[in-house]
Amino acid sequence: MLKTTENQVPFAVTDPERIPTARYHDAEFYQAECDRLWPHVWQMACRLEQIPNVGDFIEYTNLGKSVIVVRAKDGVKAYHNACRHRGVPLAGEGAHGNCKREGFICPFHGWRWNIEGENTFVYGRHMFSEQQLDQADLALRVCRVETAAGCAFINHDDDAPGVRATIGPLLGNLEAHGSDDLRAEWWYATVLPANWKVAMEAFMEGYHVMRTHPQLQKTSPMLYNSMYGMDTGGIGALINPNMTIAENIASQIEHMRLLSDGMAGMLHAKELAIAETLGDVPLPEDPQQAVMMWFGIVGAEITRQLQAKGEPVPDLNAVAQSHPVKAVEFVFPHYFLLPFFSSMSSYRIRPLGPESCLFELWSLTMYPKGEEPPVPMEPTFLPYDSQEFPPIPRQDYANIPIQQKGVHASGFDFMRLSKTIEGMISNYNRIIDGHLGGVDKDKLARATHLLGGNFDGKILDLGF
Ligand code: FES
Ligand SMILES: [Fe+2]
């Protein structure tokens with residue numbers, strides 16, 4: 001273990017193509033993250049459909065810091081979850097419900113607060129000195145909260161730039177794709193025996209598809225080989241020149257089917273079903289043009305059919321042009337949305353220790369207004385090797401715990417990254433170092449913007 005002083009970054013990334021492996025297990029590095037990263041970043045605390053009505057609340061905790069997120073009369077508010085008497089949490093871990101009538105009641109001596117955070121009851125007031133019961137001082141301590149992309153984000157740092165100033169245009173792009181209107185159809189959680197960053201980095205490049213998800217590679221070898229296996233500058237080839245147009249379309253549909261079976265929300269079964277009916281639409285003779293046009297037809301038809309059912313789907317082809325997003329979008333430091341057509345998969349990761357993390361996985365889709373199913377308020381916990389996980393995350397989860405073992409190997413001091421397609425892993429690690437090293441907050445926010453749309457992207461100059 002390395003001893004560091006304030007603003008010194010233990011095991012800093014000094015060569016952007018090399019990530020020191022101690023960052024994934026060293027206790028002091030972990031402590032530096034707890035002290036200097038997590039208290040200053042925007043954390044995804046809940047999905048907004050979990051708190052639709054005034055008084056609805058849900059508890060969010062990370063690294064022992066617990067917050068209550070509540071729908072108050074004039075918007076979403078958050079409070080540090082500690083009774084102003086002797087500190088007992090007002091809401092238990094993962095607690096949720098509606099407190100419009102009762103407010104928050106401390107389980108210890110029964111003091112109460114309303115949803116605006118004002119104290120409404122102290123049992124035996126006469127026993128306390130007057131200055132201990134100052135109304136402003138008794139109010140629940142407010143935690144910063146802002147809403148974006150269908151979520152409430154909290155930040156323990158009162159001086160941090162806002163969530164939109166921090167994450168940048170990505171949030172607006174996701175919102176244009178309808179992220180506010182998504183609803184969870186299921187929500188799973190698992191504990192992975194791995195550092196939280198090892199778990200996240202499994203989703204920051206598609207380079208692993210060839211070996212980890214061979215079923216995807218097999219249906220679209222040209223797509224993946226042209227992105228990763230051949231020197232084509234990373235351009236994904238849509239077509240296989242050795243196949244007819246009809247065969248190309250059939251292989252695209254098969255690829256979609258595997259993505260849908262493998263990831264659920266990322267490419268929803270209802271979207272696949274629409275694409276499957278479009279296997280023989282008339283197309284131009286040029287194969288490249290034909291496949292591009294086919295994707296346009298599929299986007300238009302999914303838009304038309306789902307809108308006709310009353311789903312709040314945007315014009316998918318229009319937003320793909322006006323607000324482009326990548327297949328995996330990372331919202332620093334711990335949240336992902338994976339858009340494809342109108343549905344998305346979503347991940348949130350929280351550290352539980354240097355070598356353990358909580359990984360949550362949502363399938364998000366749209367429903368006709370008024371036909372939304374009940375909102376899941378708690379995740380279904382599964383062991384990480386459970387067969388109940390969809391096949392693609394199951395394949396990813398198989399690598400993560402063994403990679404965690406590998407980072408301990410003698411002589412394995414750093415991971416080496418591709419400068420062209422594993423750049424996101426370097427970029428976000430260096431932003432973490434910026435937080436640990438005390439880089440100016442506005443500079444950090446500007447650098448964080450660069451993470452948006454950079455899946456499979458380059459190592460970037462972060463400006464510090
Ligand atoms: S600790 Fe909450 S009322 Fe006493
Ligand atoms: Fe994967």
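Conventions and cut-offs
Residues numbered from 1 in each chain as written. Chains lettered and ligands numbered in written order. Predicted model: local features only at pLDDT ≥ 70, side-chain atom pairs only at ≥ 80, totals over all residues. Domains from an automatic or database assignment. Contact = placed C-beta atoms within 7 Å. Helix = DSSP H or I, 4+ residues; strand = E, 2+ residues; numbered from the N terminus. Buried ≥ 20, exposed ≤ 12 C-beta atoms within 10 Å, placed from the backbone. Axes fitted to C-alpha atoms, helices over the stretch in contact; angles between N-to-C directions. Parallel < 35°, antiparallel > 145°, perpendicular 65-115°, else oblique. Nonpolar A, V, L, I, M, F, W, Y, C, P; charged D, E, K, R; others polar. Pairing = 2+ DSSP bridges. Expected span 1.5 Å × (residues − 1). Core = buried A, V, L, I, M, F, W, Y, C linked by C-beta atoms within 7 Å.

## Things to note about the domain arrangement of the protein chain
The parts lose accessible area when they come together, and the size of an interface is often stated as this lost area.
Here is step 1: Its domain assignment divides the protein chain into domain 1 (1-39 + 164-464) and domain 2 (44-155).
Here is step 2: Between domain 1 and domain 2, the C-alpha centre-to-centre distance is 33 Å.
Here is step 3: Contacts between the two partners involve 21 residues from domain 1 and, on the opposite side, eleven residues from domain 2.
Here is step 4: Of all the elements in the fold, those that place two or more residues in the side of domain 1 that touches domain 2 are helix 4 (169-176), strand 12 (183-192), strand 14 (335-339) and strand 15 (344-353).

## Remarks on the environment of Asp134
Here is step 1: Among the secondary structure elements, Asp134 is positioned in the loop between strand 9 (119-121) and helix 2 (135-138).
Here is step 2: The class for Asp134 is exposed, based on 10 C-beta atoms found within 10 Å.

## Some remarks on the packing of helix 14 (residues 423-436) against helix 15 (residues 441-449)
Here is step 1: Between helix 14 and helix 15, the shortest axis-to-axis distance is 10 Å and the interhelical angle comes to 170°. Looking at the two axes, helix 14 sits roughly antiparallel to helix 15. Along the contact surface, helix 14 presents Ile431, Gly434 and His435, while helix 15 presents Leu444, Ala447 and Thr448.
Here is step 2: Of the residues that constitute the contact of helix 14 with helix 15, the class distribution is three nonpolar, three polar and no charged.

## Points about the sheet that holds strand 3 (residues 56-62)
Here is step 1: Taken in spatial order, the seven strands line up as 2-11-10-5-4-3-6 in an open sheet, and their pairing is antiparallel. Pairing within the sheet leaves two strands with one partner each, and these edge strands are strand 2 (43-47) and strand 6 (96-98). Between one strand axis and the next, the sheet turns through 30° on average, direction left out of account.
Here is step 2: Direction of pairing for strand 2 relative to strand 11 (residues 151-155): antiparallel, over a ladder of four bridges. Following the sheet pairing, Cys46 is matched in strand 11 by Ala152.

## Remarks on helix 9 (residues 245-263)
Helical geometry: 3.6 residues make up each α-helical turn, so side chains three or four residues apart lie on a common side.
Here is step 1: Between the first and last C-alpha of helix 9 there are 27 Å, a value that for 19 residues agrees with the 27 Å anticipated at 1.5 Å per step.
Here is step 2: Among all positions in helix 9, only Asn248, Ile249, Ser251, Gln252, Met256, Leu258, Leu259, Ser260 and Met263 are buried.
Here is step 3: Elements that come into contact with the buried residues of helix 9 comprise helix 7 (214-219), helix 10 (269-276), helix 11 (287-308), strand 15 and helix 13 (391-406).
Here is step 4: At the exit of helix 9 stands Ala264, carrying a positive phi of roughly 50°.

## Regarding the nonpolar core
Here is step 1: Judged by nonpolar contacts, the single largest core of 119 residues is most densely connected at Val69, Phe153, Ile154 and Ala199.
Here is step 2: Residues contacting Val69, with those up to four places away along its chain left out, are Ala45, Cys46, Ile51, Phe57, Ile58, Tyr60, Val76, Ala78, Val145, Ala152 and Ile154.
Here is step 3: Counting five residues, the second-largest nonpolar core is a separate cluster that includes Tyr224, Met227, Tyr228 and Ile421.

## Comments concerning the environment of Met366
Here is step 1: Along the chain, Met366 falls in the loop between strand 16 (356-365) and strand 17 (380-381).
Here is step 2: The class for Met366 is buried, based on 23 C-beta atoms found within 10 Å.
Here is step 3: With 24 residues separating them in the primary sequence, Met366 and Ser342 have C-alpha atoms 7.4 Å apart.
Here is step 4: Ignoring anything within four residues of it in the chain, the contact list for Met366 reads Gly178, Asp181, Leu182, Arg183, Leu306, Glu311, Pro312, Val313 and Ser342.

## Examining the sheet that holds strand 16
What links the strands of a sheet is backbone hydrogen bonding, and the strands pair in either a parallel or an antiparallel sense.
Here is step 1: Read across the sheet, six strands follow the order 13-14-15-16-12-17 without closing on themselves; strand pairing throughout is mixed. Either end of the sheet is taken by a strand with one partner, and the two such strands are strand 13 (329-331) and strand 17.
Here is step 2: Direction of pairing for strand 13 relative to strand 14: antiparallel, over a ladder of three bridges. The residue of strand 14 that forms the bridge with Glu329 is Leu337.

## Observations concerning unusual backbone geometry
Here is step 1: Residues Phe332 and Pro333 are joined by a peptide bond in cis, for which omega reads 5°.
Here is step 2: Located in the positive-phi region is Ala149, a residue other than glycine, with phi close to 50°.
Here is step 3: Structurally, Ala149 is set in the loop between strand 10 (142-148) and strand 11.

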